[in-house]
Amino acid sequence: MSGKSIKERARNLAIDPNSRYALLQKLILDGSFDSPISSEEVVSRLRDRFGKRWKTNHVQTYMQKFLRADIVQGIKLSGHRGNYWVISSVKREEALRSIGKKKKVREIEEELFSEKLMGRLKKNFGRELEELQGNFGKNGNCTAFLLRKILEKLIIIVITKNGKGHLLEAKNRPGGWIGLKDMIETAAREKLHGVPFLVPKTANEIKGIKFLGDTAAHNPLVDVEMSTILPQMPYVITAYEELAKRL
């Protein structure tokens, strides 16, 4: 059965419009369950959209009507306390793959936006970090561009702060900068107290995010997907941390 016909069934389900069931019905109809969503996320959406404060066990209770009508299916993962919920037209295998991607994104977000790293970056990167948080896991083009921009700006600020800014100046363009590739190589070559600004292995690995950022900014025929960004993130986070220590 298609998602459209399932939503029609949800629309026609006999539900008291003033009940908690009606709130879940509205979320189903507006597409909130078209991809897997955890009980915690359901609670968050109910609060944001309707100003209602639920507990996760309320989701389990009031979802039963939609489970019995085969409108929504519940998926339980080992190691995860609550359930995930998705419209019943989505195959279980597809739902599990989607949940796995979401879980990976959350793990990376926790590291990327950790209190320690954010504390070091927020003074100079408040706007970029706010935009990155809004796009990470959702919009690949924006994410790739912002990750690249933060890296380039971070190299410029750190190396300039430590008295080596002239090494990043473009000799043939007064007031301009050398390209990011050359910046990365400079950061790997130059040292402060005997330690390079970027460990050479880190510098080599982060060329991937430069490529994706360049693609997002300059290639109108190709979109950058989050699936291609995620494998680059451990190196990006490491580079940010190595540089941020010198701020």
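Counting restarts for each chain, with residues numbered from 1 along the sequence as it is written. Given that the model is predicted, a residue must reach a pLDDT of at least 70 before its local features are reported, and side-chain atom pairs must reach 80 or more before they are shown or counted; all residues, however, enter totals for whole chains, interfaces and linings. Only heavy atoms go into the side-chain values, all of them from the structure, while hydrogens and water stay out.

### Here's the deal with the side chain of Arg246
Moving on, step 1. Residue placement: Arg246 occurs in the segment after α13 (233-244).
Moving on, step 2. In what follows, residue pairs with any heavy atoms lying within 4.5 Å of each other are defined as contacts. Not counting residues within four places of it along the chain, the set of residues in contact with Arg246 comprises Val158, Lys161, Asn162, Leu192, Val195, Pro196 and Phe197. By the criteria applied, helices consist of DSSP H or I runs no shorter than four residues and strands consist of E runs no shorter than two, each listed in order from the N terminus.

### A look at the packing of aromatic side chains
Moving on, step 1. Under the pairing criterion, centres of Phe, Tyr and Trp rings, with the six-membered ring standing for Trp, must be within 6.5 Å; the plane angle then separates stacked pairs below 30 degrees from edge-to-face pairs above 60, leaving the rest tilted. Scanning the entire structure with this criterion turns up three aromatic pairs.
Moving on, step 2. Here the aromatic rings of Tyr21 and Tyr62 are separated by 5.0 Å at their centres, their planes lie at 70°, and the arrangement is edge-to-face. With Tyr21 in helix α2 (residues 20-29) and Tyr62 in helix α4 (residues 56-62), this residue pair connects regions lying 41 residues apart in the sequence.
Moving on, step 3. Accessible area is worked out with a 1.4 Å probe on protein chains only. A residue is then buried under 20% of its type maximum, exposed over 50%, and partly exposed in between. Tyr21 gets classed as partly exposed once you look at its relative accessible area, which sits at 24%.
Moving on, step 4. On the basis of relative accessibility, which here comes to 21%, the residue Tyr62 falls in the partly exposed class.
Moving on, step 5. Relative to Phe136, the ring of Phe113 lies with its centre 6.4 Å away and its plane at 90°, an arrangement referred to as edge-to-face. Linking Phe113 in the loop between α6 (92-112) and α7 (115-135) with Phe136 in the loop between α7 and α8 (140-161), this pair joins segments that are 23 residues apart in sequence. Assigned by exposure class, Phe113 and Phe136 land together as buried.
Moving on, step 6. Here the aromatic residues Tyr21, Trp54 and Tyr62 are joined through ring pairs into a cluster of three or more.
Moving on, step 7. Sitting over a ring, as applied to charges here, requires NZ of Lys or CZ of Arg to be within 6 Å of the ring centre and within 35 degrees of the ring normal. The positively charged end of Arg20 is found above the aromatic ring belonging to Trp54, 5.3 Å away from the centroid.
Moving on, step 8. Of note, Lys65 hangs over the ring of Tyr21, and the distance from its end group to the ring centre comes to 4.9 Å.

### A closer look at α7
Quick reminder: α-helices carry 3.6 residues per turn. Residues three or four places apart thus point the same way.
Moving on, step 1. The terminal C-alpha atoms of α7, which comprises 21 residues, lie only 19 Å apart, well short of the 30 Å expected from a rise of 1.5 Å per residue.
Moving on, step 2. At Phe125, α7 shows its largest kink, close to 110°.
Moving on, step 3. Within α7, the full set of buried residues consists of Leu117, Met118, Leu121, Phe125, Glu128, Leu129, Leu132 and Asn135.
Moving on, step 4. On its buried side, α7 packs onto α6, α8 and α13. Between the first and last residue of a helix there are one fewer steps than residues, each counted as 1.5 Å, and that sum is the expected span. One axis is fitted to the seven residues ending at the residue and one to the seven starting there. The bend at that residue is the angle between these axes.

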